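Structure at a glance
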Amino acid sequence: MNLEEIKSQIEANVPGCRLEIIPNGSPSGQHSLLVDVEHGFAVASFLRDGATPRFDFCSNVTGIDWPVKEVSNKTKVKKLVDGVEKEVDEVVKTQTGGYLEAVYHLYSVEQREGPVVLRMRTEDRAERNHVPSLTPLWRSAEFQEREAYDLFGILFDGHPDLRRLLMWEGFVDHPMRRDYVDPDDYEYEPTAHDEVLKRAQAHRPAQEGGL
Amino acid sequence: MSILTDASVDTLSKDETDHLTGDLLEISMGPQHPSTHGVFRMNVTLDGEQVVKLKPVFGYLHRNHEKIAETESYLGCMPYTDRLDYICSITNNWAYALAVETLAGIKVPERAEYLRVITGELTRLQNHAGLIGFLMQDMGASGTPLMYAFREREKVLDLFEALTGARMMCNYMRFGGCRCDLPAGWLDGAKKVVEGFPKFLDEFESLLKTNEILMARTQGVGIVTKAQAINAGLSGPMARASGVDYDLRKVDKYGIYDRFNFRVPLGEVGDVYDRYMLRVLEMRESVEILKQAIRDLPEGPIMDPNTKIRGFRPKAGEAYGRIEGPKGELGFYLISDGSPNPYRYRVRPPTLINLTLLEDMCLGHNVADIVIILGSIDIVLGEVDR
């Protein structure tokens, strides 16, 4: 089974979808398939029902947080310095990340093939954090998508029961995000210590009314 | 506990009352309930004695294992994995070690692979033995079967203690091999335990296999069909009891499992009885694997000499490694960004995903059946909640 083959199968059957193979630098060689959010559901349902082999088993579902990261690359550029052509280091800064990612590991129980790693990216990490839910296709995603919503704040459109799974109702933040800050005081009843109380409130504006 | 009487129904919205046809009773089973095998809660709605709705509630044992691991070194995560499914710490170690080895392309020496199979299959024996004991306990066979099963489990735990220094938190494996070699005389002890194990199984089976109460309580209860099982991602004994021929020891052939001769038992009906019997049969196959592994165990190193486990920095990339744990497919999904700690560390918990169909299995059954259905899934809250 080859990811290129699967990609061309999908492209032939799901018109308009934008696919990209994300190479994996590790010796595991598990490259993944990035699908655009609009066609995510159609691609997944093709993989489940139409593809050869049929990926009937969705093993692992999870989220990943990629905050905005500035990467600076040094390149040698030829430039005229004081009338003489010289090689100068130029630093090019590019921004990567700034999205949340939902990752699905699909297997075929029938053909014993896999994994196909399916990825979908949200537009950003704040409001436009939607991806389609694949729970209607694979029920195994039900709790795992709830967990990804709970811990990462990815909203799965079409999930039948999208509630927090592990944190309690009323908890505001998403603890698995890279920029999540621990409250200094986890208790519902704040301690009498003023400074601790202040810092704790700063992290829980919605619950405590903020500072 | 609240009783929805006609008066209280008036205060509910239409959505909430639509499903009410008579007086329903909502009870909260757990989190402190002797049959939930830990701090697990089910919000059960009952019509008389029958379950009409069941919603599991998680998170009582949540400590964000994944977040902790992302602040730890790759080696530092290893003892944490013991605490996931604390009954089977060695297979947790194995799954994590396998994921890191896949991520970094590490080869494991021959002897270490054999030691992994031996300790892994012993883990399966003690997990299944414990489980069938608990299942009997849940069914009301108070004490005796559980004590018989625990007597056997204790023998395996003694072996673990002699080998790793701990009965349950073994922390035995490292990526690239195992932490320590066998102490003197250990293999003879293991041989004795393995050879004595079928006797326990025979005894246990002859006591219970055709027991009328057991059959009446378990047959036809909590049925999962094959299609349902695959779609809901059930794995391990749960899936195989429904007839899904999917054992990762055969499918992925990870480690050296292709060298052993063993069969994969499958259920036909997919009820609690099948799940119970499947574990008994699986233990017999594990005994076979153990006999072969102990016979063939070669001499040699137990750690890959090229792997530096301290200050370990794998190349940037990702890997998903999975093994056939005693409870199902235990997977670790790791992303490395080249730093000494994993960028993303994800545990695929088999028991959480095996709970997906809990409501479907329980609907229409009695309250007492919930207990045995849950018991037959074999959950450990350390892993469900992480």
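Residues numbered from 1 in each chain as written. Chains lettered and ligands numbered in written order. Predicted model: local features only at pLDDT ≥ 70, side-chain atom pairs only at ≥ 80, totals over all residues.

1. With respect to the overall build of chain B
We count it as follows: Put simply, DSSP H or I for four residues or longer makes a helix, DSSP E for two residues or longer makes a strand, and each gets a number counted from the N terminus. Throughout, radius of gyration means the C-alpha value; the globule benchmark is 2.2 Å times the number of residues raised to the power 0.38. Counts of 20 or more other C-beta atoms within 10 Å of a residue's own C-beta define buried residues, counts of 12 or fewer define exposed ones, and intermediate counts define partly exposed ones; C-beta atoms are placed from the backbone. Working definition of a contact: two residues with C-beta atoms, positioned from the backbone, lying within 7 Å.
A tally of helices and strands in chain B yields 17 helices and nine strands. Relative to the 2.2 N^0.38 estimate, which gives 21 Å for 386 residues, the radius of gyration of chain B is 22 Å and therefore close to what a compact globule would have. Relative to its full complement of 386 residues, chain B shows a buried share of 51%. A separation threshold of at least 6 residues defines the contact pool for chain B, and within that pool the share at least 24 residues apart is 69%.

2. Observations concerning the domain arrangement of chain B
Residue and element names in this part refer to chain B. The cut-off we apply is this: For the domain bounds, the source is a domain assignment made automatically or taken from a database. Only Asp, Glu, Lys and Arg are considered charged, only Ala, Val, Leu, Ile, Met, Phe, Trp, Tyr, Cys and Pro nonpolar, and every remaining residue, Gly among them, polar.
As assigned here, chain B comprises domain 1 (2–57) and domain 2 (65–384). Each side of the interface is counted separately: domain 1 has 15 residues, and domain 2 has 18 residues. Contributing elements (two or more residues each) for the side of domain 1 that touches domain 2: strand 3 (41–47) and strand 4 (50–57). For the side of domain 1 that touches domain 2, the element with the highest residue contribution is strand 4, accounting for four residues. In the side of domain 1 that touches domain 2, the residues fall into nine nonpolar, five polar and one charged.

3. A closer look at the packing of helix 4 (residues 74–82) of chain B against helix 5 (residues 89–104) of chain B
Residue and element names in this part refer to chain B. Spelled out, the test is: Every axis corresponds to a line fitted to the C-alpha atoms, with the helix fit spanning only the stretch in contact, and the corresponding angles, defined between N-to-C directions, vary from 0 to 180 degrees. By the definition adopted for this analysis, an angle is roughly parallel if under 35 degrees, roughly antiparallel if over 145, roughly perpendicular if from 65 to 115, and oblique otherwise. For any pair of crossing helices, the crossing counts as left-handed if the nearer helix is rotated counterclockwise from the farther one by less than a right angle, and right-handed if it is rotated clockwise.
Look at helix 4 against helix 5: their axes get within 8 Å of each other, and the N-to-C directions meet at 150 degrees. In terms of their interaxial angle, helix 4 and helix 5 are classed as roughly antiparallel. Considering the relative orientation of helix 4 and helix 5, their crossing is right-handed. Here Tyr-74, Cys-77, Met-78, Thr-81 and Asp-82 of helix 4 come into contact with helix 5, specifically with Ser-89, Asn-92, Asn-93, Tyr-96 and Val-100. Classifying every residue of the contact of helix 4 with helix 5 gives five nonpolar, four polar and one charged.

4. Focus on the interface of chain A and chain B
Frequently, the measure chosen for interface size is the accessible area that the parts lose on association. Between chain A and chain B, the residue contacts involve 28 residues of the former and 36 residues of the latter. At the level of secondary structure, the elements contributing two or more residues to the side of chain A that touches chain B comprise strand 3 (57–66) and helix 3 (141–152) of chain A. At six residues, strand 3 of chain A tops the list of elements feeding residues into the side of chain A that touches chain B.

5. Side note on the nonpolar core
Test applied: By our criterion, buried Ala, Val, Leu, Ile, Met, Phe, Trp, Tyr and Cys residues that link up through C-beta atoms within 7 Å make up a nonpolar core.
Core analysis: the largest hydrophobic core is formed by 147 residues, its most contacted members being Leu-106 of chain A together with Ala-99, Val-100, Leu-334, Ile-370 and Ile-373 of chain B. Residue contributions to this core peak at 13 residues, all from helix 6 (residues 110–139) of chain B. The residues touching Leu-106 of chain A, leaving out its near neighbours within four places in the chain, are Leu-47, Phe-55, Phe-57, Cys-58, Gly-114, Pro-115, Val-116 and Leu-118 of chain A.

6. Side note on the confidence of the model for chain A
Threshold: A residue's pLDDT is the confidence the predictor assigns to it, expressed on a 0 to 100 scale.
Of the residues in chain A, 86% have a pLDDT of 70 or more, and the chain-wide mean is 82. The weakest mean pLDDT in chain A belongs to helix 5 (residues 205–208) of chain A at 54; the strongest belongs to helix 3 of chain A at 92.

7. So, the confidence of the model for chain B
For chain B, per-residue confidence averages 87 on the pLDDT scale, and 94% of positions sit at 70 or higher. ipTM for the predicted complex: 0.84, alongside a pTM of 0.85.

8. Considerations on unusual backbone geometry
In this structure, Pro-53 of chain A follows Thr-52 of chain A across a cis peptide bond, with omega equal to -5 degrees. Relative to the elements of secondary structure, Pro-53 of chain A occurs in the loop between helix 2 (40–49) and strand 3. Phi is positive for Asn-64 of chain B, close to 50 degrees, though the residue is something other than glycine. Accessibility expressed as a C-beta count within 10 Å gives 16 for Asn-64 of chain B, which makes it partly exposed.

9. Brief notes about the environment of Gln-111 of chain A
Residue and element names in this part refer to chain A. Relative to the helices and strands, Gln-111 resides in the loop between strand 6 (99–108) and strand 7 (113–121). Overall, the presence of 13 C-beta atoms within 10 Å leaves Gln-111 in the partly exposed class. Linking Gln-111 and Thr-52, residues 59 residues apart in sequence, is a C-alpha distance of 8.9 Å.

10. Describing the sheet that holds strand 2 (residues 32–35) of chain A
Residue and element names in this part refer to chain A. To keep it simple, the criterion reads: Strands are labelled as partners when DSSP assigns at least two bridges between them.
With mixed pairing, five strands are arranged side by side in an open sheet as 1-2-7-6-3. A strand with exactly one partner marks an edge of an open sheet, and here the two such strands are strand 1 (19–22) and strand 3. Ignoring strand direction, the axes of neighbouring strands in this sheet form an average angle of 25 degrees. Of the strand pairs in this sheet, strand 2 and strand 7 are connected by four bridges, and their pairing is parallel. For Leu-34, the partnering residue across the bridge sits in strand 7 and is Arg-119. Helix 1 (residues 3–13) rests against strand 1, strand 2 and strand 7 of the sheet, and its axis sits at about 170 degrees to strand 1. Against the sheet, helix 2 makes contact with strand 2, strand 6 and strand 7, and its axis sits at roughly 170 degrees relative to strand 7, the strand it touches most.

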